[in-house]
Each structure stands twice: as C-alpha cells, then as structure tokens.
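These are the residues of each chain, in order.
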Amino acid sequence: MSTLINAYNSDISLKTPSLKYTKNVVEQTDAVLISKREWAENNTTTTYCKYQYWKILNFSKGTKGIGKTFTFSYKVGVQKTTMIETAKNLGIKIGREKLGDFFNAELSKKLQTSISITEEYTHTQESNISQTNKDWIWAIWQLVENYQISIVRDENFIDKIANRVVDTIDSSPAMVALSINNKKVLSTVASAVIHQINELNNTFQKNEKKSNVISIVNLTQNTHEALDYDNY
C-alpha cells in the first residue's frame, strides 16, 4: 500500500501571456509547477507532478480599416498511443476503452485533486477582429498540462536483503551445527542463496535501467486571446 510522504501545492499561479504590438509574440511561457505528491511503497518512491504552461496556437497582424474572422482547429486531449504506452510503462494492464477513466482516477487520486483528461480530438474555434482605425496584432494561446511521473527505486534494496540473509545464515544455530557436521550441504545452501540474490539483483538492475520520468502532455480546450494596436 502506498504512503504519502510529501505534498506540495504552489502558491504561484500561471500568468496569461501578454501581447504588445511592438514586441515579438510569446510562443510558449515557462512551465509552472502546480502540485507535487510523493508516494512510497516498499523500495519504490513515485513522484507525481503537475505543470502548466501556455503555447501559441495562432497569431496575425492586420492594417487599419480591415477586420478579420479567424476559424482554426487545434488538438485537445492526449493521444491514445501515449496513454497506452504510459500504462505499459507503469506496468498496468487496462482495456483501451477505459484509458481516459483510468488516468483521471489515478492522477486525481495521486495528486489529490480533480483531473480531467480525454483522448485526443480536434476542436474548431472562431475569433473575430472588428474594424479599427489602427493597425493591430492578435494572438491566441492554448493551456497545456504536463503530468510527470518519476519512479525511483532504492539501489541498495537488494543489498540490504542480501546482507540480512547472510547475517541470518551466519548467526543461525542450525546453520552453525550444519557447518560443523556437513560443510558440503552448507556450501550448497549458501551457493543457492547467493544465486537467488544475484538473480534478484540482475532483475532489479534491469528494472532500474527502465525507470525514468513518464510524461503525459494534456492539451486542454482552454485558450487565451489578446489584441493590441499600433499606437504610434
């Protein structure tokens, strides 16, 4: 059973990007850590982090006296292949039709907040720029959520088990008696134990090499528009 060992909620909110006619358009804002939770179970510590940032969807410049209507499409949600691969990396077998429900439930539980993720789809949106007597610049950004899951295993976990087994063998009265009466049997038992420890260690090392940061990028439907004029 997992135990919560660390919880963090940021007191810094994500700011919407600003737009100035005389400056370059911000293509992507810096990511802000919104929340973080660390869970421990046996020899493994799993950290769940939620980041947010804005990325540009579309922008345009126009001249005075001319308005414009923008109709554009953009992706929302998480690719199904990403969900399947993430579930695989987490060692969880679930049906494809339950992917969205699983991620919402799992991330909501681990981050202790409501999470809503859908499988990727295309959303169409329309924006209108009215006629004006000034040149203008317009931009729209999409809110992106990045969920990162970091799995760290205790590298000394197997060594600790090995040392404990060896100490038990050395201190056991039965083993002491056995070592006096039948050194050959003791040698066989010790070899078998060492072999099992090595097998466990090899398996652990393989798993350790596969451990990394799993990233789930969720493209939300939330957008932010900005319009600025040439005042010179």
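Definitions and limits used
Residues numbered from 1 in each chain as written. Predicted model: local features only at pLDDT ≥ 70, side-chain atom pairs only at ≥ 80, totals over all residues. Heavy atoms only, no water. Helix = DSSP H or I, 4+ residues; strand = E, 2+ residues; numbered from the N terminus. Buried < 20%, exposed > 50% of the residue type's maximum accessible area, 1.4 Å probe, protein only. Contact = heavy atoms within 4.5 Å. Areas by Shrake-Rupley, 256 points an atom, 1.4 Å probe, with all protein chains shown as cover. Core = buried A, V, L, I, M, F, W, Y, C linked by side-chain atoms within 4.5 Å. 1 Å grid on protein atoms, 1.4 Å probe; cavity = no way out; pocket = protein on both sides within 12 Å on 5 of 7 lines; lining within 4 Å. Points joined across faces, edges and corners; volume = space filled by probe spheres on them. Nonpolar A, V, L, I, M, F, W, Y, C, P; charged D, E, K, R; others polar. Pairing = 2+ DSSP bridges. Axes fitted to C-alpha atoms, helices over the stretch in contact; angles between N-to-C directions. Salt bridge = Lys/Arg side-chain N within 4 Å of Asp/Glu carboxyl O.

*Asks:* So what about the overall build of the protein chain? Which residues, and what values?
*Replies:* The number of helices and strands found in the protein chain is five helices and seven strands. Secondary structure elements of the protein chain occur, N-terminal to C-terminal, as β-β-β-β-α-α-β-β-α-α-α-β. Residues counted as buried form 34% of the 232 residues belonging to the protein chain. Taking all contacts inside the protein chain whose residues are at least 6 apart in sequence as the whole, residues at least 24 apart take part in 81%. Element-wise, carbon and sulfur atoms account for 48% of the exposed surface of the protein chain, whose accessible area totals about 14,600 Å².

*Asks:* Kindly report on the nonpolar core, identifying the contributing residues and their values.
*Replies:* In this structure, L107, I117, Y147 and I149 are the most contacted members of the largest nonpolar core, which totals 16 residues. Every element with two or more residues in this core is listed here: α2 (99-111), β6 (136-153) and β7 (213-229). Looking at which element gives the most residues to this core, the answer is α2, with five residues. Ignoring anything within four residues of it in the chain, the contact list for Y147 reads C49, K50, L107, L111, I115, I117, I214, S215, I216 and N218.

*Asks:* Which residues make up the layout of surface pockets, and what values do they have?
*Replies:* Here the idea is plain: a probe the size of a water molecule rolls over the atoms and shows the empty space left. What the second largest pocket holds in volume is close to 180 Å³. Lining the second largest pocket are 17 residues, and of these S116, E145, N218, T220 and Q221 sit closest to its centre. Only β6 and β7 provide two or more residues apiece to the lining of the second largest pocket. If one sorts the elements of the lining of the second largest pocket by residue count, β7 sits on top with five residues. Partitioning the lining of the second largest pocket into residue classes produces seven nonpolar, eight polar and two charged.

*Asks:* Account for the sheet that holds β6, with residues named and values stated.
*Replies:* The strand order across the open sheet formed by five strands is β1-β2-β3-β6-β7, and the pairing between neighbours is antiparallel. Each having just a single partner strand, β1 (3-9) and β7 make up the two edges of the open sheet. Ignoring which end each strand starts from, the neighbouring axes of this sheet average 15° apart. Across nine bridges, the pairing between strand β2 (residues 32-41) and strand β3 (residues 44-62) is antiparallel. Along β3, the bridge assignment pairs W39 with T46. Sheet contacts for α2: β2, β3, β6 and β7; angle to β3, the most-contacted strand, approximately 115°.

*Asks:* An account of the pattern of salt bridges is needed here, citing residue identities and associated values.
*Replies:* A full pass over the atoms with the stated rule returns two salt bridges. Measuring nitrogen to oxygen at the nearest pair gives 3.5 Å for the salt bridge that ties E119 to K80. Of this pair, E119 sits in the loop between α2 and β5 (121-129) while K80 sits in helix α1 (residues 80-89), placing them 39 residues apart in sequence. For E119, a relative accessible area of 29% gives the class partly exposed. K80 sits in the partly exposed class, given a relative accessible area of 34%.

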